There are 2 protein chains.
Amino acid sequence: MPDNRPIGVFDSGLGGLTVLKAVMEQLPSENTVYFGDSGRTPYGSKSPETVAKYAGQIVRFLQSQDVKMIVIACNTVSACASDLVREMAGVPVVEVISPGSATAVAQSQNRRIGVIGTKNTVASEVYIRAIQSLAAPDTRICQQACPMFVSLAEEGWWNTPITRAIAGEYLKDLLACDIDTLLLGCTHYPLLSEAIGAVAGPGVQLINAGHSVAREVYQTLDRNGQLNAKAQLPSHTFYTSDSITQFSQMGSAFLDHQIDNVSRIDIEQY
Amino acid sequence: MPDNRPIGVFDSGLGGLTVLKAVMEQLPSENTVYFGDSGRTPYGSKSPETVAKYAGQIVRFLQSQDVKMIVIACNTVSACASDLVREMAGVPVVEVISPGSATAVAQSQNRRIGVIGTKNTVASEVYIRAIQSLAAPDTRICQQACPMFVSLAEEGWWNTPITRAIAGEYLKDLLACDIDTLLLGCTHYPLLSEAIGAVAGPGVQLINAGHSVAREVYQTLDRNGQLNAKAQLPSHTFYTSDSITQFSQMGSAFLDHQIDNVSRIDIEQY
């Protein structure tokens, strides 16, 4: 019996669409429900308590959609509130910190790993703990908050001279640490991959956690016998807490796939 | 009888502190209550309906503080929801669109006025209507949305080479319009005045609406006999919907004045 209930994916806004994109590519038969909290974005500069409250409301909404799994496609929520989400969910939960960290550890040759993310993600040191729990003891981890990167992604300035100048400013200390691996610790950042890669140079490999997350989603569903084997075209449904027009326009660019069926909900009621 | 009730000032976050600063300078005897909605900032990219809902909650909070006047120190709310605020308030309301527009019209010599603001403010065309209602018919108004400016102000990059490069990108079409006056249509933007001024050049005068707003606050209170003539030191109280630490740290820089007495409130309950 295939389980054709949807996979629920959520983020503070549109960034999580880079994770959904990886899930859709690796699990092309699965139905999905995406919620982007554009009405309250960004989470990165908000306090952990506020982020936890918002995450709780979103879990209740996704439960109302009868999801078989919840993907926390948001680094800030993964860092601040993944325990809360697991306690509430009643279904398997995949977050974005552990899969990306495992990939970074597996790929680094010189054991010097850079991590970039929002202020909250960096201050939480969640990536340091995740990487240290997996890596050789002499592994060195260098972090940098890059708050302007989200604005650049949403402005559509994915690879302009200004984008590379800002990336150069943010990355200079990490590059001085001689990193060979750079974990993109925010779901918006893969959109800036070309600019970040140009500044980091060919000696640094970028880790887009979305691919690692999608692999863990597949493995978890497969292990639980919950993959949807149906051959028919899957449905991809989208919800936002703000303007449908803005979500579908910018979201289609982020997902690299036309978004039509998006609805607006009042998330504060959940 | 002086009216020693406080003046209520609010914004989507910290930007309105540039307006409060002007009010404190021009009305040094007045008590003030400031609310910054940092838990839901920024408003500029949110839909008008969402902004109106948030503004209504904030008006109810300020009413609970027994304010004698409400200053909408937020261009997005002034553009989307000032009628709603006036209907609800029960006290005089001063917003930021009209005073700044009047100053721009009065100061422009060549009748070519530039306006910069958030996406919502620009799309609302509220400044075009406000300026056209005051200006000579042959006045030309050129607008430009500058969404990265808020991030630059909050990152503390007020006048760096990157700031000037981004300003150059945003201002190039306005400068091609031969403007002699540039209205800073977002309360964050005065913090970037030096960078914006350097790019715009000496032939363009920048209008910081905060000064015009403070003048209107004074005139309205004076007309109504509501000025606070008390000689004692006024109290300045601050409320935020997010982290107190972040508010007081960044806010003190924005206000150019140490912020100590800040409290966190749950604005969704109002």
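Here is what the cut-offs are and how they apply
- Residues numbered from 1 in each chain as written.
- Chains lettered and ligands numbered in written order.
- Predicted model: local features only at pLDDT ≥ 70, side-chain atom pairs only at ≥ 80, totals over all residues.
- Heavy atoms only, no water.
- Pairing = 2+ DSSP bridges.
- Helix = DSSP H or I, 4+ residues; strand = E, 2+ residues; numbered from the N terminus.
- Axes fitted to C-alpha atoms, helices over the stretch in contact; angles between N-to-C directions.
- Contact = heavy atoms within 4.5 Å.
- Buried area = accessible area lost by both parts, 1.4 Å probe.
- Salt bridge = Lys/Arg side-chain N within 4 Å of Asp/Glu carboxyl O.
- Nonpolar A, V, L, I, M, F, W, Y, C, P; charged D, E, K, R; others polar.
- Buried < 20%, exposed > 50% of the residue type's maximum accessible area, 1.4 Å probe, protein only.
- Least-squares fit on C-alpha atoms with pLDDT ≥ 70 in both.
- Phe/Tyr/Trp six-rings, centres within 6.5 Å; stacked < 30°, edge-to-face > 60°.

Student: How should I be thinking about the sheet that holds strand 5 (residues 112-117) of chain A in this particular structure?
Tutor: All names here are of chain A. With respect to topology, four strands assemble into an open sheet ordered 6-5-7-8, the strand pairing being parallel. Of all strands in the sheet, those bounded by a partner on one side alone are strand 6 (140-145) and strand 8 (205-208). Pairs of neighbouring strands in the sheet enclose a mean axial angle of 25°, with direction left out of account. Across the sheet, helix 8 (residues 161-176) touches strand 5, strand 6 and strand 7 (181-184), and the angle it forms with strand 6 is around 165°.

Student: Just to check I follow, could you spell out the interface of chain A and chain B for this structure?
Tutor: Interface size is commonly expressed as the accessible area that is lost once the parts come together. Listed as interface residues are 35 residues of chain A and, on the opposing side, 35 residues of chain B. With both sides pooled, the region where chain A packs onto chain B buries about 2,400 Å², and carbon together with sulfur makes up 47% of that total. Contact with chain B buries area across many residues of chain A, yet Met148, Ile162 and Glu268 of chain A alone supply 20% of it, more than any other trio. Linking chain A with chain B are eight salt bridges. Between Arg40 of chain A and Glu268 of chain B there is a salt bridge, and its shortest N-O distance comes to 3.8 Å. Going through the elements one at a time, helix 2 (48-64), helix 5 (119-124), helix 7 (148-155), helix 8 and helix 11 (244-255) of chain A are the ones with two or more residues in the side of chain A that touches chain B. Of the residues in the side of chain A that touches chain B, the class split is 11 nonpolar, 12 polar and 12 charged.

Student: Looking at this structure, how should I read the pattern of salt bridges?
Tutor: As a working rule, side chains carrying opposite charge can pair if their charged atoms are close by. This model, assessed by the stated rule, comprises 24 salt bridges over all chains. Here Glu169 of chain A ties to Lys172 of chain A by a salt bridge, and the two come within 2.9 Å at their closest N and O atoms. Of this pair, Glu169 of chain A and Lys172 of chain A both sit in helix 8, three residues apart, which is roughly one turn of that helix. Of the residues examined, Glu169 of chain A reaches a relative accessible area of 36% and is grouped as partly exposed. Among the charged side chains, a salt-bridge network with shared partners connects Asp37, Arg40 and Lys53 of chain A together with Asp266 and Glu268 of chain B.

Student: Please clarify how the relation of the copies chain A and chain B should be interpreted in this entry.
Tutor: Note: a rotation about an axis with an accompanying shift along it relates these two copies of the chain. Least-squares fitting of chain A to chain B yields an RMSD of 0.0 Å, with the transformation described by 0.0 Å of translation along the axis and a rotation of 180°. With respect to symmetry, the two chain copies, as superposed, fit the operation of a two-fold axis. Minimal C-alpha distance to the rotation axis in chain A is attained by Arg40 of chain A, lying at 2.5 Å. A share of 100% of the interface residues of chain A reappears at the interface of chain B, consistent with the copies meeting face to face through the same patch.

Student: So what exactly am I meant to see when it comes to the packing of aromatic side chains here?
Tutor: Geometrically, a pair of aromatic rings is defined through the distance of the ring centres and the angle of the planes. All names here are of chain A. For the structure on display, the rule yields 22 aromatic pairs over all chains. Considering the side-chain rings of Tyr34 and Phe247, the 6.2 Å spacing of their centres and the 50° angle between planes classify their relative orientation as tilted. Note that Tyr34 is positioned in strand 2 (residues 32-36) and Phe247 in helix 11, a separation of 213 residues in sequence. The pair formed by Tyr34 and Phe247 is uniform in burial state, with each residue classed as buried.

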